[in-house]
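# Report on the structure
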Amino acid sequence: MKFSLLPAALALAATAILAAASGVRAEFKVRSPVVEKDELSLEQVGSAGYSRSDRRSNELSVVHELEYGVNDHLLIELEGEWAREAGPGSDRRFKATTLGGMIAPFAQGELWLDGAFWIEYGRVNATTDPDTVKFGPVLQKSLGPTTVTGNFYMEKQVGIHSSGYPVATYGAQWRYDWLKELAPAIEVFGQLGDVNGMNNPRNQQHRVGPVLTGTLGVGRAGEFKYELGYLAGLTNLTADHTVKWKAEYEIAF
């Protein structure tokens, strides 16, 4: 069974939410460049950061996502993020709505390196904050019993409240494919700062740590994917400790 109207419905819903919804997001997720045709995915990605310093503690991000593989080469995604900024007295609030898409020009395994291009537009809820555009390559390579995935993005503020240069960010995962249900990994994430000052370590954030990943099949009802990890902060601008998680349900039509 195929839902031929699903891509149009998702696009219409995205347009409506973006019209109603009015910085660099803290979403610790490493994307895969593999696109599955007619696959629908519901996902939550979250993180919570803590530090000895009050000004770098208490941060929280929860992103709810809806993804659909239009065909073997195009994926579209709609996201809503709730966040609490680091620092005392910060409240959790709805932060942004994001419409994104990934283009994979080649099928998985067709080239030596699997790759795709990601682009998204984020519309913030606060009228005094700038919207953002983020784009960049998504790469993946299997090396024996392991899989290495890297995401490299540029993020630029847009709109009347925009300022500054584009900001460079990255995320990478090295996963040991031990079992489908349990595959340990190491992940790193970083914000290098804007392209005019990324050489200054004081403008950068870096985190690294272990992550458990896995996929649990439920027959024709689809499958569940999970991630649970801990990231240690490596710079003064980064939370000392970050707990991250991802819960995803996928079903193909």
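See the structure printed just above.
Residues numbered from 1 in each chain as written. Predicted model: local features only at pLDDT ≥ 70, side-chain atom pairs only at ≥ 80, totals over all residues. Heavy atoms only, no water.

Scanning the model with the defined rule gives 20 salt bridges in all. Between D131 and R123 there is a salt bridge, with its nearest N and O atoms 3.7 Å apart. Exposure remark for D131: the relative accessible area of 12% places this residue in the buried category. Classification of R123 by relative accessible area gives partly exposed; the value is 27%. (Salt bridge = Lys/Arg side-chain N within 4 Å of Asp/Glu carboxyl O. Buried < 20%, exposed > 50% of the residue type's maximum accessible area, 1.4 Å probe, protein only.)

Taken as a whole, this structure holds 3 aromatic pairs when the rule is applied. Seen in terms of ring centroids, F28 and F189 are 5.3 Å apart; in terms of plane orientation they differ by 70 degrees. Their pairing is edge-to-face. With F28 in the loop between α1 (6–20) and β1 (39–50) and F189 in strand β9 (residues 183–194), this pair connects stretches of sequence that are 161 residues apart. Residue F28 is classed as buried on the basis of its relative accessible area of 9%. An angle of 40 degrees between the planes, with centres 5.1 Å apart, marks the rings of F224 and Y249 as tilted. Taken together, the residues F224 in strand β11 (residues 223–233) and Y249 in strand β12 (residues 241–252) connect sequence positions 25 residues apart. Note on F224: relative accessible area 41%, which makes it partly exposed. The lysine or arginine in question, R31, covers the ring of W118, its NZ or CZ lying 3.8 Å from the ring centre. The ring of Y153 has K134 lying over it, and the distance from NZ or CZ to the ring centre is 4.6 Å. (Phe/Tyr/Trp six-rings, centres within 6.5 Å; stacked < 30°, edge-to-face > 60°. Helix = DSSP H or I, 4+ residues; strand = E, 2+ residues; numbered from the N terminus. Lys NZ or Arg CZ within 6 Å of the ring centre and 35° of its normal.)

Taken by themselves, the reported measurements are silent on function.
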